[in-house]
Amino acid sequence: MATILDGLKVSKEIKNEIRIEVDKIVADRRRPPHLAAILVGNNGASQAYVRNKITDCKEVGFKSSLFTFSSTVSEAELLEKIEELNKSKDIDGFIVQLPLPKQIDQEKIIMAIDPRKDVDGFHPENFGKMALEMATFLPATPFGILALLERYQIDTKGKHCVIIGRSRIVGKPMSILMGRKDFPGNSTVTLTHSYTAHIEEFTKNADIVITALGDPNFLKGEMIKNGAVVIDVGITRVEDTSEKGYKLVGDVDFESCSEVASAITPVPGGVGPMTRAMLMKNTLLAYKTSVYND
Ligand code: GUN
């Protein structure tokens, strides 16, 4: 039976460490870190993510602000808000929750964020720094996976890491980070995607599989090798008869994979809470490196 990589537990440890730092800041009569979020439209999953991020801010002692816009908002209006947040001396970092409605050019929005406040690590300047192994904000989900691998002391050096999905938020940055000269890292990386033929030929040869696909229960036990480490980034809402009307289902068929893997993340309670904790960590970093704080 595989070791469960308990993201909920580790995320609480990380948030506790942040809380201790924030308490010291406040005890020194300095203002706490401040994270802002821009939320557009009424996508249920996005609303839930942002709500959770605000709860996290409260838990670690940060100030938070939420700016909501209707799904018909213009690009100009959003750019104006971003400019305001860029200039604000009171806000250390902010995020624009993705996805955005079709009339908005996502790349234009991301490019408008001051890289020093880009706590999602999405701006090309920060992405480039990450790729070049320079100090910067790492995107929260990949950063959370690294933290989980680190805290469980999963050996990554010289291992074959297969990543499924090449999104700008998870797959692409993860493929770069697992190959960097560091721990966790130093892996030989294969980035697979929707055009990869015979994906099981790759997953069967992987020491570490990271799935970020959004295809419920896609990865079966017979697709991985004995002792593999399996990281499940997928969180798809699947309708059920519960009060909420849905449950969260990962990309990994937990039942069959946990019989074969040496370590595995659950859904929920794996990568999700780690992502949230790392956003807090990035916000604390933005606060510490802000030109407005001494
Ligand atoms: N949408 C899904 N994940 C994320 C994330 O980490 N940050 C933002 N801004 N939007 C997302």
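Residues numbered from 1 in each chain as written. Predicted model: local features only at pLDDT ≥ 70, side-chain atom pairs only at ≥ 80, totals over all residues. Heavy atoms only, no water.

Asks: Tell me about the sheet that holds strand β11 (residues 263–264), and name the residues and values.
Replies: If you trace the six strands from one edge of the open sheet to the other, you get β1-β11-β8-β7-β5-β6, paired in parallel fashion. Taken across any chain shown, the strands that pair with only one partner, and hence form the sheet edges, are β1 (3–4) and β6 (188–192). Direction of pairing for strand β8 (residues 229–232) relative to β11: parallel, over a ladder of two bridges. Residue pairing in the sheet places valine 230 in a bridge with isoleucine 264 of β11. (Pairing = 2+ DSSP bridges. Helix = DSSP H or I, 4+ residues; strand = E, 2+ residues; numbered from the N terminus.)

Asks: Residues and numbers for the site of the ligand, please.
Replies: In the region of the ligand, the neighbouring residues are Lys53, Val96, Gln97, Leu98, Asp120 and Phe122. In this structure, valine 96 approaches the ligand through a main-chain N or O atom, which is 2.8 Å from a nitrogen atom. Leucine 98 places a main-chain nitrogen or oxygen 2.9 Å from a nitrogen atom of the ligand. For the ligand, the accessible surface in isolation is 280 Å², of which the surrounding protein chains cover 85%. Here the shell around the ligand is composed, by residue class, of three nonpolar, one polar and two charged. (Near = heavy atom within 4 Å. Polar contact = N/O pair within 3.5 Å; in protein donor to acceptor, adjacent residues only side chain to side chain. Areas by Shrake-Rupley, 256 points an atom, 1.4 Å probe, with all protein chains shown as cover. Nonpolar A, V, L, I, M, F, W, Y, C, P; charged D, E, K, R; others polar.)

Asks: Tell me what's going on with the side chain of serine 11, and back it up with residues and numbers.
Replies: Positionally, serine 11 belongs in helix α1 (residues 7–27). With relative accessibility at 2%, the residue serine 11 sits in the buried group. (Buried < 20%, exposed > 50% of the residue type's maximum accessible area, 1.4 Å probe, protein only.)

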